[in-house]
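# Structure assessment
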Amino acid sequence: MQPVSTITVQVKLTPSPEQAAALAATLHAVNTQANQVSQVAFDTGTTRNFPLRKLVYADVRAAGIGSQAAQHLIKKVADAYTALAATIRNGDHGRPGSKRRRVAGSKPIVFRSDAAQPYDARNLSFAPDARTISLWTVQGRLKGVPFTCSPSQAKALAEHKRGEADLVARDGTWYLLVSVTVPDAPEYEPDGFLGVDLGIVNIATTSDGHIMAGRRLNRYRRRRVRLRAKLQAKGTKSAKRLLKKQRRKESRHTRDTNHVIAKRIVAEAERTSRGIALEDLTGIRQRVRHRKPQRAALHSWSFRQLGDFITYKAKRAGVPVVSVDAAYSSRECAHCSHTHRHNRISQARFICRSCGVVAHADRNASRVLARRGQDAWNAGRASRVPTAP
């Protein structure tokens, strides 16, 4: 069976004023009911989907919500509580007994009036050739809502299986985020691995020596921080309008940068028939402790997003990807494997205390990751020994 991946295709809706009003009324209605369902879930302690559905489904339907929309609404609430429990358990809301952790679980989850609402094939249909959709609203079935997208997105919508879609209102613009199942390219046998070291000063450094410096992105982030602080201190209506206009601009810029870097890394690995070795940085925000001035840089570091982009682009190209343990990779010598905390004498300089090799610290770490990636691949590689008769 051919492996598949799920990607998200974002299409922009261009509804008429009447259609936009119906969409806005729909989001307001479903999220009002979602808040009521959330209150019931909190009061009764019933946060699983099916038990919660038995308690609230009839009331949600009586409020004028369609049957399929009601089921998605209840599942949205249940999923929100599941996610909250997971983040509390993982320590994202502080240590056990802390005030922040107690507050996180002491009140029901509240949904914004314009929060996204899931749809599926039963209450949403596409006409890819006409570039229109038809979907359920509280004012009845809304037909002929136009949408726009790129040629590649239109091709994905037309040729591959579509799953759930989220109706999203963002800064006065309507979007549908559609999950699409696409087949992965056949994975080839790699001839070595391209190690990728992720960081803040250098966003990504490959074992070939290519360094994607983060200087420009970090300067951009600092400018955005200064601008936000200046506008917030000013506090006028025009300053608040500008703040609203500028929001999400930094995240869009970072996302585009990560897309470009990921595409370059995957293209280089595919060109040389190698795999990609990525360091596993799961939980690094909880493990690493920094001084207060450095925390903003750490928590704005979008390493998870870059890793996800590399992984999904590699699957589409058939490039093998392995995740390796990054422990002590910055202290280990790529030549002799000697590991010592004094090997890395500065952020950019590595001098091995055993063999004396001098290297760029991030490039040395990426070469260590490349070797670990090869070892991980060899350990999991299927046996080539013929089966005994």
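What this report covers is the structure whose coordinates are included nearby. For clarity, every value in this text was computed on a predicted model and none was experimentally measured.

### A look at helix α5 (residues 151-159)
- Within the sequence span of α5, burial applies to Ala154, Ala156 and Leu157. Considered in projection along α5, the buried side chains sweep an arc of 160 degrees and stay on one side of the axis. Exposed residues pointing more than 90 degrees away from the buried face of α5 are listed as Pro151, Ser152, Lys155 and Glu159.
- The elements touched by buried residues of α5 are β1 (4-13), β3 (124-127), β5 (140-148), β6 (161-170) and β7 (173-183).

### Thoughts on the sheet that holds strand β10 (residues 211-213)
- With mixed pairing, five strands are arranged side by side in an open sheet as β10-β9-β8-β11-β12. Looking at which strands have only one partner, the edges of the open sheet turn out to be β10 and β12 (321-325). Going from strand to strand, the sheet's axes swing by 20 degrees on average, the running direction of each strand aside.
- Sheet topology places strand β9 (residues 202-206) next to β10; three bridges connect them, and they run antiparallel. When the bridges of β10 are listed, Thr205 appears paired with Ile211.
- The sheet contacts of helix α11 (residues 303-317) involve β8 (193-198), β9, β11 (275-280) and β12, and relative to β11 the element is tilted by about 155 degrees.

### Topic: the sheet that holds β5
- Reading across from one edge, β2-β6-β7-β1-β5-β4-β3 is the order of the seven strands in this open sheet, with antiparallel pairing throughout. Pairing within the sheet leaves two strands with one partner each, and these edge strands are β2 (117-119) and β3. The sheet shows a mean angle of 35 degrees between the axes of neighbouring strands, taken without regard to direction.
- Of the strands in this sheet, β1, β2, β4 (132-137), β5, β6 and β7 are in contact with helix α1 (residues 17-44), which crosses β5 at around 115 degrees.
- In the packing of α5 onto the sheet, the strands contacted are β1, β3, β5, β6 and β7, and the crossing angle to β1 comes to about 120 degrees.

### A look at the packing of aromatic side chains
- A full pass over the atoms with the stated rule returns three aromatic pairs.
- A centroid spacing of 5.7 Å and a plane angle of 80 degrees characterise the contact between Phe126 and Phe147, whose relative ring orientation is edge-to-face. Here Phe147 lies in strand β5 and Phe126 lies in strand β3, a separation of 21 residues in the sequence. Of the two residues, Phe126 and Phe147, neither departs from the other in class, the shared state being buried.
- Over the aromatic face of Phe111 sits the side chain of Lys76, whose NZ or CZ is 5.3 Å from the ring centroid.

### Section: the packing of α1 against helix α3 (residues 67-89)
- Here α1 crosses α3 at 50 degrees, and the two axes come no closer than 9 Å. What the angle tells us is that α1 and α3 run oblique. When the axes of α1 and α3 are compared, the crossing they make is right-handed. Side by side, α1 and α3 meet where Val30, Asn31, Gln33, Ala34, Val37, Ser38, Ala41 and Phe42 of the first sit next to Leu73, Lys76, Val77 and Tyr81 of the second.

### Topic: the nonpolar core
- Counting residues in hydrophobic clusters, the biggest one holds 48 residues, and the most contacted among them are Ile133, Leu135, Leu167 and Leu176.
- Apart from the residues lying within four places of it in its own chain, the contact partners of Leu135 are Leu23, Tyr119, Asn123, Leu124, Gly140, Arg141, Leu142, Val145 and Leu167.
- Listed in part, the 22 residues of the second largest apolar core include Ala204, Leu278, Val319 and Ala326.

### Quick look at the environment of Val180
- Of note, Val180 is situated in strand β7.
- Sequence spacing of Val180 and Ala156 is 24 residues, and the spatial spacing of their C-alpha atoms is 7.2 Å.
- Not counting chain neighbours up to four residues away, the residues in contact with Val180 comprise Ser5, Thr6, Ile7, Val9, Ala156, Leu157, His160, Lys161 and Arg162.

### Structural notes on the environment of Asp325
- Mapped onto the secondary structure, Asp325 falls in strand β12.
- For the pair formed by Asp325 and Ala277, sequence separation is 48 residues and the distance between their alpha carbons is 10.0 Å.
- Those residues within four positions of Asp325 in sequence are excluded, and the remaining contacts are Leu369 and Arg372.
- A polar contact of 3.1 Å, which involves the side chain of Asp325, links it to the backbone nitrogen of Ala327.

### Describing a positive patch on the surface
- Together, Arg215, Arg219, Arg222, Arg223 and Arg226 give the surface a local cluster of positive charge.
- Relative to the assigned elements, Arg215 resides in helix α6 (residues 215-234).

### Considering the side chain of Glu332
- Along the chain, the position of Glu332 falls in the loop between β12 and β13 (349-351).
- Only 2.7 Å separates the side chain of Glu332 from the side chain of Arg372, close enough to count as a polar contact.
- For Glu332, the residues in contact, after removing those within four places along its chain, are Ser337, His338, Thr339, Phe350, Asn364, Val368, Arg371 and Arg372.

### Comments concerning the pattern of salt bridges
- In the structure shown here, the tally under the stated rule is ten salt bridges.
- Between Asp208 and Arg274 there is a salt bridge, with its nearest N and O atoms 2.5 Å apart. With Asp208 in the loop between β9 and β10 and Arg274 in the loop between α8 (249-271) and β11, this pair connects stretches of sequence that are 66 residues apart.
- When its relative accessible area of 31% is taken as the criterion, Asp208 is described as partly exposed.
- Linked by salt bridges that have partners in common, Asp208, Glu268, Arg271 and Arg274 make up one network.

Conventions used here
- Residues numbered from 1 in each chain as written.
- Predicted model: local features only at pLDDT ≥ 70, side-chain atom pairs only at ≥ 80, totals over all residues.
- Heavy atoms only, no water.
- Buried < 20%, exposed > 50% of the residue type's maximum accessible area, 1.4 Å probe, protein only.
- Helix = DSSP H or I, 4+ residues; strand = E, 2+ residues; numbered from the N terminus.
- Arc of directions from axis to C-beta.
- Contact = heavy atoms within 4.5 Å.
- Pairing = 2+ DSSP bridges.
- Axes fitted to C-alpha atoms, helices over the stretch in contact; angles between N-to-C directions.
- Phe/Tyr/Trp six-rings, centres within 6.5 Å; stacked < 30°, edge-to-face > 60°.
- Lys NZ or Arg CZ within 6 Å of the ring centre and 35° of its normal.
- Parallel < 35°, antiparallel > 145°, perpendicular 65-115°, else oblique.
- Left-handed = near helix turned anticlockwise from the far one by under 90°.
- Core = buried A, V, L, I, M, F, W, Y, C linked by side-chain atoms within 4.5 Å.
- Polar contact = N/O pair within 3.5 Å; in protein donor to acceptor, adjacent residues only side chain to side chain.
- Patch = residues over 30% accessible without salt bridge, like charges linked within 9 Å, V, L, I, M, F, W, Y side chains within 5 Å.
- Areas by Shrake-Rupley, 256 points an atom, 1.4 Å probe, with all protein chains shown as cover.
- Salt bridge = Lys/Arg side-chain N within 4 Å of Asp/Glu carboxyl O.
- Lys, Arg positive; Asp, Glu negative; His and termini not counted.
- Charge placed at Lys NZ, Arg CZ, Asp CG, Glu CD.

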